[in-house]
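Single-letter residue listing:
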Amino acid sequence: DAGITQSPRHKVTETGTPVTLRCHQTENHRYMYWYRQDPGHGLRLIHYSYGVKDTDKGEVSDGYSVSRSKTEDFLLTLESATSSQTSVYFCAITGTSGSNEQFFGPGTRLTVL
Amino acid sequence: SQQGEEDPQALSIQEGENATMNCSYKTSINNLQWYRQNSGRGLVHLILIRSNEREKHSGRLRVTLDTSKKSSSLLITASRAADTASYFCATGLLTGANSKLTFGKGITLSVRP
């Protein structure tokens with residue numbers, strides 16, 4: 001497996017609370033991504049980063065923010081969690097722009113009550 | 001919006017048979033990739049085919065790409081029970097600082113022993 005870890009792996013939280021998910025890589029890759037996976041929707045891109053402090057929105061970015069202060073860490077924050085954000089969240093990385101295959105972390109299962 | 005759409009949504013075959021999965025997409029791409037996801041795990045990259053390639057092989061996998069029809073197929077030969085998983089196609093577009101993939105909703109493959 002590529003050196004990608006996600007923490008926590010499971011979390012249960014209540015509506016309205018802030019939540020931060022962490023993605024950590026040891027590969028020194030430039031690009032990092034956050035996806036959510038829901039039944040019937042496949043994987044949808046939330047935010048991605050193309051370098052330290054360089055981030056951009058994906059197709060489902062509302063209600064989420066990200067930060068990348070160093071190459072190895074990409075944080076996803078749910079500012080005020082809602083039940084619609086109950087999902088499995090995956091982080092992924094990719095290396096050079098010459099080949100954009102992605103390597104995925106193990107996922108974080110988030111339940112918002 | 002989803003770029004790739006896989007077909008069929010679900011496929012059940014006997015061990016030893018071949019499995020064919022299709023993917024259609026809508027806009028120009030640099031490459032198309034296939035990923036596998038075992039239950040409860042992150043996605044794993046299987047194979048990448050560039051827009052100027054028509055066919056590629058990797059072990060028991062054969063992928064074809066028809067850019068005129070905007071479609072791709074993944075063939076798994078001599079399937080095994082361990083091939084049971086969800087399979088996703090992803091279309092890649094490389095523009096400037098962007099290196100993103102857009103995933104389809106996936107195909108559930110069941111291989112009966």
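Residues numbered from 1 in each chain as written. Chains lettered and ligands numbered in written order. Predicted model: local features only at pLDDT ≥ 70, side-chain atom pairs only at ≥ 80, totals over all residues. Heavy atoms only, no water.

As for the confidence of the model for chain A
Interpretation of this model should avoid reading the predicted coordinates in detail wherever pLDDT is low. Across chain A, the average pLDDT comes to 93, with 95% of residues at 70 or higher. Considering each helix and strand of chain A separately, the mean pLDDT is smallest for strand β5 (residues 42–51) of chain A, with a value of 93, and largest for strand β8 (residues 73–78) of chain A, with 98. (pLDDT = per-residue confidence, 0-100. Helix = DSSP H or I, 4+ residues; strand = E, 2+ residues; numbered from the N terminus.)

Describing the state of the cysteines
Residue and element names in this part refer to chain A. Under the counting rule described, the total for this entry stands at two disulfides over all chains. Residue C23 pairs covalently with C91 via a disulfide, S to S 1.9 Å. For the disulfide bridge between C23 and C91, the dihedral angle about the S-S bond is near -70 degrees, and by the sign convention the bridge is left-handed. Linking C23 in strand β3 (residues 19–25) with C91 in strand β9 (residues 87–94), this pair joins segments that are 68 residues apart in sequence. (Disulfide = S-S within 2.5 Å.)

Here's the deal with the sheet that holds β3(A)
Residues and elements named next belong to chain A. Across the sheet, four strands lie side by side as β1-β3-β8-β7; this open sheet has antiparallel pairing. Edge positions in the sheet fall to β1 (4–7) and β7 (64–70), since each has one partner strand and no second. Neighbour-to-neighbour, the strand axes of this sheet turn through a mean angle of 20 degrees, independent of strand direction. In terms of strand pairing, β7 meets β8 through five bridges, oriented antiparallel. Its bridge partner being in β8, Y64 is matched across the sheet by L78. (Pairing = 2+ DSSP bridges. Axes fitted to C-alpha atoms, helices over the stretch in contact; angles between N-to-C directions.)

What about the environment of R36(B)?
All names here are of chain B. Tracing the sequence through the fold places R36 in strand β4 (residues 31–37). Overall, R36 belongs to the partly exposed group, its relative accessible area being 24%. For the pair R36 and A19, spaced 17 residues apart in sequence, the C-alpha to C-alpha distance is 14 Å. Beyond its immediate chain neighbours, meaning those up to four positions away, R36 contacts G42, L43, V44, L46, A85, S86 and Y87. (Buried < 20%, exposed > 50% of the residue type's maximum accessible area, 1.4 Å probe, protein only. Contact = heavy atoms within 4.5 Å.)

Topic: the sheet that holds strand β7 (residues 61–66) of chain B
One key point about sheets: their strands pair by backbone hydrogen bonds, in either a parallel or an antiparallel sense. Residue and element names in this part refer to chain B. Reading across the sheet, the five strands line up as β1-β3-β8-β7-β6 and stay open at both edges, with antiparallel pairing between neighbours. Whereas interior strands pair on both sides, the edge strands pair on one side only; in this sheet they are β1 (5–7) and β6 (55–58). Averaged over all adjacent pairs, the angle separating strand axes in this sheet is 20 degrees, with direction ignored. Summarising the sheet, β1 and strand β3 (residues 19–24) pair through three bridges and their orientation is antiparallel. Bridge assignment links E5 to a residue of β3, and that residue is S24.

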